[in-house]
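Report on the structure
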Amino acid sequence: MKLKRASISEDLFDLEVLILIFFTVQRTVYKDFVISLQTENCLTNAQLRSKGEASFEGDWLVEGGKLSNGTDYREARQYRSPSHLLRFYFLTRIYSNYVESVLADFQGGPQPDVIIVNSCVWDISRYGSNSTERYRENLDKFFTRLKQVLLPECLVIWNMAMPLGKKIKGGFLIPELQYLETTLRCDVIEANFYSALLAAAHGFDVVDLHFQFRSELQHRAPDGIHWSQVVHRQITIRLLQHIADAWGVALPSPKPPGNRDLQLSSGGQADAVNGWE
């Protein structure tokens, strides 16, 4: 399947300004949306790896960005065009005082049209021996608060966590947690199952990225966590299609990417994967 441009035109959803909120640890999902609004190119290797930068493709850093592996890390970003407002909030936990402060921003306006949300790996690994139990409790608190804060017409999409490798390494897996490097992928599967059921029970939409990309592991980085620009463009397309289906509108015919001819199920790793350590 060849990659195609993800088109978000101003007349696609018949809104004066389309407001998307990315409430997630998946920074590069937000980045691919931003770049696909402006160009047919995919993310470069450098763009996949960078974080906390003052500006990315015309967006700006609103808060935080001082790099850290701690659970108190903050990064809030915003991209604005005449027809789109995209905001990104980096999450290390699905529900916290910080999350409440962001929900207060929603109430202050403008209210979002779409929220794409995910939080999993940090929740179940960085908060002590009972992290999984707390994750379940916090999920329920978070979903309950979303229903209290958001307008009924806001579309909430719960993105399930992507498949982890058999052995992972990365900045978030601090030395004290190295014992999780071979088991965390199983914990993610369990957490995905529970979070999807709970999101659906609260009336929110669920996109199962874990299932959809389980056969595209050649595009996963050697660290067992991150993914190539091939997959990120596919995530953008799938999310746009889900939004269009939910609102009963048709996506325009997509165009091929301008900077590379990339394919899923190509039998080899994309260049960007090899840039991760």
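Residues numbered from 1 in each chain as written. Predicted model: local features only at pLDDT ≥ 70, side-chain atom pairs only at ≥ 80, totals over all residues. Heavy atoms only, no water.

Over its 18 residues, helix α5 (residues 184-201) extends 25 Å from the first C-alpha to the last, a length consistent with the 26 Å expected when each residue adds 1.5 Å. Taken as a whole, α5 has its buried residues at L184, V188, A191, N192, S195, A196, L198 and A199. The arc enclosing the buried residues of α5, seen along the axis, measures out at 165°, which places them on a common side. Residues of α5 that are exposed and angled more than 90 degrees away from the buried face: F193 and A201. (Helix = DSSP H or I, 4+ residues; strand = E, 2+ residues; numbered from the N terminus. Expected span 1.5 Å × (residues − 1). Buried < 20%, exposed > 50% of the residue type's maximum accessible area, 1.4 Å probe, protein only. Arc of directions from axis to C-beta.)

One open sheet accounts for seven strands, arranged β2-β3-β4-β1-β5-β6-β7; its pairing is mixed. Each having just a single partner strand, β2 (60-64) and β7 (205-207) make up the two edges of the open sheet. Recorded for the sheet is a direction-independent mean angle of 20° between the axes of neighbouring strands. Where strand β5 (residues 114-118) and strand β6 (residues 155-159) come together, four bridges link them in parallel fashion. Residue pairing for β6: V114 is matched across the bridge by L155. Contacts from helix α4 (residues 131-149) reach β1 (18-24), β5 and β6 within the one sheet, and its direction differs from that of β6 by about 165°. Its contacts with the sheet place helix α7 (residues 229-247) against β1, β5, β6 and β7, and it is angled at close to 145° to β6. (Pairing = 2+ DSSP bridges. Axes fitted to C-alpha atoms, helices over the stretch in contact; angles between N-to-C directions. Contact = heavy atoms within 4.5 Å.)

Bringing the packing of α4 against α5 into the picture now. One can describe the packing of α4 onto α5 by two numbers: an axis separation of 10 Å at closest approach and a directional angle of 25°. Taken as axis vectors, α4 and α5 run roughly parallel relative to one another. Two packed elements cross with a definite hand, and for α4 against α5 that hand is right-handed. Between α4 and α5, the residues in contact are Y135, R136, L139, D140 and F143 and E190, A191, Y194, S195, L198 and A199, respectively. Residues belonging to the contact of α4 with α5 are distributed by class as follows: seven nonpolar, one polar and three charged. (Parallel < 35°, antiparallel > 145°, perpendicular 65-115°, else oblique. Left-handed = near helix turned anticlockwise from the far one by under 90°. Nonpolar A, V, L, I, M, F, W, Y, C, P; charged D, E, K, R; others polar.)

A separate point is the confidence of the model for the protein chain. The predicted model of the protein chain has a mean per-residue pLDDT of 83, with 83% of residues at 70 or higher. When the elements of the protein chain are averaged for pLDDT, β1 gives the smallest value, 81, and β7 the largest, 96. Of the regions scoring below 50 in pLDDT, residues 1-6 engages in 34 contacts with residues more than four places distant in sequence or in other chains. Note that pLDDT drops below 50 for residues 257-277; the model gives that stretch 64 contacts with residues more than four away or on any other chain. (pLDDT = per-residue confidence, 0-100.)

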